[in-house]
Amino acid sequence: MKLSPYFAYAKKCFLGRSAYRFDHLMNILSTCLQIFIFWGIYRALYGGNSEVDGITLPMVTTNFMLSMGLGAVFCTNDYFLPDKIHDGSISTELLRPISFPGRMVAENAGNALFNLIFRFAPALLAAVLTIGMSAPAGAAMFGMFLISALLGYGVLWAISFTVQMSAFWFVNVWSITTIKNVFINVLSGSMIPLWFMPGWMSGVLRFTPFSSIYFTPVQIYLGQLNNWEIAEKCAVQLVWIVLIYLVGDMLWRKGQRKLVVQGG
């Protein structure tokens, strides 16, 4: 399989995003604003205490700074396939001599790289200079954090891919996508660190893919996991990517046989 067409799609998306400079500035300001708001909320909740249940304010600050930053990078266009089904252009896409899911990965990768350079990095720098955050537990842990973050993105993309496949059966996937986003925002540790979740919920979350998206990379960054636990968590991330993608691929194949395009 030639990779050049996919690199071309990724490059096109990267360059296409660079055309809207004012939009980039607003995105940076939006990310910074979210970080500052959450920092103010948690600082007020701590009320001058150095820690709560063994969790310090710098740990919480690092959690939501990294989670929100990664959330800004981990962009997935949840309406990429639904929009093409609705306007009928999916019929043209299926005639292209490339993998449609592969194209989705390539375009999302181009957007993610752009967000990493021009959204996450400036917002993180501004937040670190004004608020401060914990340093990584070490160079090795930081390297494992990057690997886990990449796997976390794979989990998020697989979920988005599978949810988009419902467009073959539903006229409007807005409600399904919204429910998916709520689950991810709440149960991934992005908005509320999973340290503060009840014990029973932490047990339940072990059997879901949500904590693998953001919370696992944050735990590795902070040095809360030993080498064996890191290997186990990364393996879990990889398993979730494979399982969820297989479900989405099955729906993709069934959806193509069900697809009916009207108009012209």
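What counts, and where the lines are drawn
Residues numbered from 1 in each chain as written. Predicted model: local features only at pLDDT ≥ 70, side-chain atom pairs only at ≥ 80, totals over all residues. Heavy atoms only, no water. Helix = DSSP H or I, 4+ residues; strand = E, 2+ residues; numbered from the N terminus. Rg over C-alpha atoms; globule rule 2.2 N^0.38 Å. Buried < 20%, exposed > 50% of the residue type's maximum accessible area, 1.4 Å probe, protein only. Contact = heavy atoms within 4.5 Å. Lys, Arg positive; Asp, Glu negative; His and termini not counted. Charge placed at Lys NZ, Arg CZ, Asp CG, Glu CD. Phe/Tyr/Trp six-rings, centres within 6.5 Å; stacked < 30°, edge-to-face > 60°. pLDDT = per-residue confidence, 0-100. Core = buried A, V, L, I, M, F, W, Y, C linked by side-chain atoms within 4.5 Å. Axes fitted to C-alpha atoms, helices over the stretch in contact; angles between N-to-C directions. Parallel < 35°, antiparallel > 145°, perpendicular 65-115°, else oblique. Left-handed = near helix turned anticlockwise from the far one by under 90°.

1. A closer look at the overall build of the chain
Next, step 1: Looking only at helices and strands, one finds eleven helices and two strands in the chain.
Next, step 2: Listed by position from the N terminus, the elements making up the chain come as α-α-β-β-α-α-α-α-α-α-α-α-α.
Next, step 3: For the chain, the C-alpha radius of gyration of 20 Å lies close to 18 Å, the compact-globule estimate for 264 residues.
Next, step 4: Evaluated residue by residue, the chain yields a buried proportion of 47% over its 264 residues.
Next, step 5: By sequence separation, contacts in the chain at least 24 residues apart represent 80% of the contacts at least 6 residues apart.
Next, step 6: Of the side chains in the chain, 17 bear a positive and 11 a negative charge, and the two mean positions are spaced by 9 Å.

2. Considerations on the environment of Ile131
Next, step 1: Note on placement: Ile131 falls in the loop between α6 (100–130) and α7 (139–164).
Next, step 2: Separated by 96 residues in the primary sequence, Ile131 and Ile35 have C-alpha atoms spaced 9.3 Å apart.

3. Some thoughts on the packing of aromatic side chains
Next, step 1: Inspection of every chain in the model, using the stated rule, returns 19 aromatic pairs.
Next, step 2: Relative to Phe114, the ring of Phe14 has its centre 5.5 Å away and its plane inclined at 75 degrees; by these criteria the two rings are edge-to-face. Of the two residues, Phe14 sits in helix α1 (residues 4–17) while Phe114 sits in helix α6, which places them 100 residues apart along the sequence.
Next, step 3: The exposure class assigned to Phe114 is buried, which follows from its relative accessible area of 3%.
Next, step 4: Ring plane angle 55 degrees and centroid distance 6.2 Å describe the contact between Phe14 and Phe118, whose orientation is recorded as tilted.

4. Observations regarding the confidence of the model for the chain
Next, step 1: Per-residue confidence for the chain gives a mean pLDDT of 88, with 98% of residues at or over 70.
Next, step 2: The spread of mean pLDDT over the elements of the chain runs between helix α9 (residues 199–205), the lowest at 81, and α7, the highest at 95.

5. What about the nonpolar core?
Nonpolar side chains in soluble globular proteins tend to end up buried together.
Next, step 1: Phe74 and Leu81 are the most contacted members of the largest nonpolar core, which has 63 residues in total.
Next, step 2: Secondary structure elements with two or more residues in this core: α2 (21–46), α3 (57–73), α4 (80–87), α6, α7, α8 (174–187), α10 (215–221) and α11 (227–258).
Next, step 3: Of the residues forming this core, the biggest block, twelve residues, is contributed by α7.
Next, step 4: Leave out the neighbours within four places in its chain, and Leu81 touches Ile90, Phe100, Gln164, Met165, Phe168 and Trp252.
Next, step 5: Counting five residues, the second-largest nonpolar core is a separate cluster that includes Tyr9, Ala10, Ile98 and Ala106.

6. Points about the packing of α6 against α7
Next, step 1: At their nearest, the axes of α6 and α7 sit 12 Å apart, and the two run at 130 degrees to each other. Compared by their axis directions, α6 and α7 come out oblique. Our pair here, α6 against α7, has a crossing hand that is right-handed. Between α6 and α7, the residues in contact are Pro101, Met104, Val105, Asn108, Ala109 and Ala112 and Tyr153, Trp157, Phe161 and Gln164, respectively.

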